[in-house]
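Examination of the molecular architecture
Chain residues, written in single-letter form:
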Amino acid sequence: LFFLTCFFSLTVSAQEKMKVSLFENRVELTIPELFSEMSKEDIQKRFSRGTPPDFVYAEKKGSPSISVTLRNNKITQETVAQYVDLVEKSITGPLPEAKTIKKGTRIINKQKVGYVILITPSLNGEIYNYMFFTDFGNKLLICNFNCMNRSVAEWGDIAESIASSLTVN
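It should be emphasised that the depicted structure is a prediction, and the values quoted were computed from it without experimental measurement.

Things to note about the pattern of salt bridges
When their charged atoms lie close together, side chains carrying opposite charge are able to pair. Evaluation of the coordinates by the stated rule reveals 5 salt bridges. Lysine 19 is the partner of glutamate 28 in a salt bridge, and the nearest nitrogen-oxygen pair spans 3.7 Å. For lysine 103, the salt bridge goes to aspartate 85, with nearest N and O atoms at 2.8 Å. Note that lysine 103 is positioned in strand β6 (residues 99–108) and aspartate 85 in helix α3 (residues 80–92), a separation of 18 residues in sequence. Look at aspartate 85 and you get partly exposed, because its relative accessible area is 36%. Three or more residues are tied together by salt bridges with common partners; here these are Asp85, Glu88 and Lys103.

Written as structure tokens, this is what we have:
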């Protein structure tokens, strides 16, 4: 009964949402209320390899999380579809054991958005990555929701709702 109560509490909390505004209120996402913004110092520690994301919102244990990064890669609404394979290869190239689940483009809030959903290996098991991206001022705006793959039944629909909430002005 204790575990059922804890699971129910977490599920209810995860479904309560808040809107976050980024990049001078020009990008908005709706994320679970139980996520909090990670400090720049914690982002630097967690993402010590490569270029760290601009923003990370995470559950207090650090997983699941959503990261948002603005890259200087030139992209337009017309070239979003071309980035689908590039984003996929940026993961599967260095990690050939990564498995692509689904990829493509769709329209979200009048904006063409590319997405790639992958399962990647980690020391603690497999990670579910839902990456979605679009242009923002002709630069690549990329968001990545991730959680342990064993938790995807609980978090998969939430990841989809976060992606579906993306608004770029």
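A closer look at the sheet that holds strand β1 (residues 17–22)
In spatial order, the strands read β1-β2-β10; together these 3 strands make up an open sheet with antiparallel pairing. If you trace the sheet from one side to the other, it starts and ends with β1 and β10 (167–168), each paired once. Where strand β2 (residues 27–32) meets β10, 2 bridges bridge the pair, whose relative direction is antiparallel. Looking at the pairing, valine 27 lines up with valine 168 of β10. Its contacts with the sheet put helix α4 (residues 152–164) on β1 and β2, and the angle it makes with β2 is roughly 160 degrees.

Quick notes on the rules
Residues numbered from 1 in each chain as written. Predicted model: local features only at pLDDT ≥ 70, side-chain atom pairs only at ≥ 80, totals over all residues. Heavy atoms only, no water. Salt bridge = Lys/Arg side-chain N within 4 Å of Asp/Glu carboxyl O. Helix = DSSP H or I, 4+ residues; strand = E, 2+ residues; numbered from the N terminus. Buried < 20%, exposed > 50% of the residue type's maximum accessible area, 1.4 Å probe, protein only. Pairing = 2+ DSSP bridges. Contact = heavy atoms within 4.5 Å. Axes fitted to C-alpha atoms, helices over the stretch in contact; angles between N-to-C directions.

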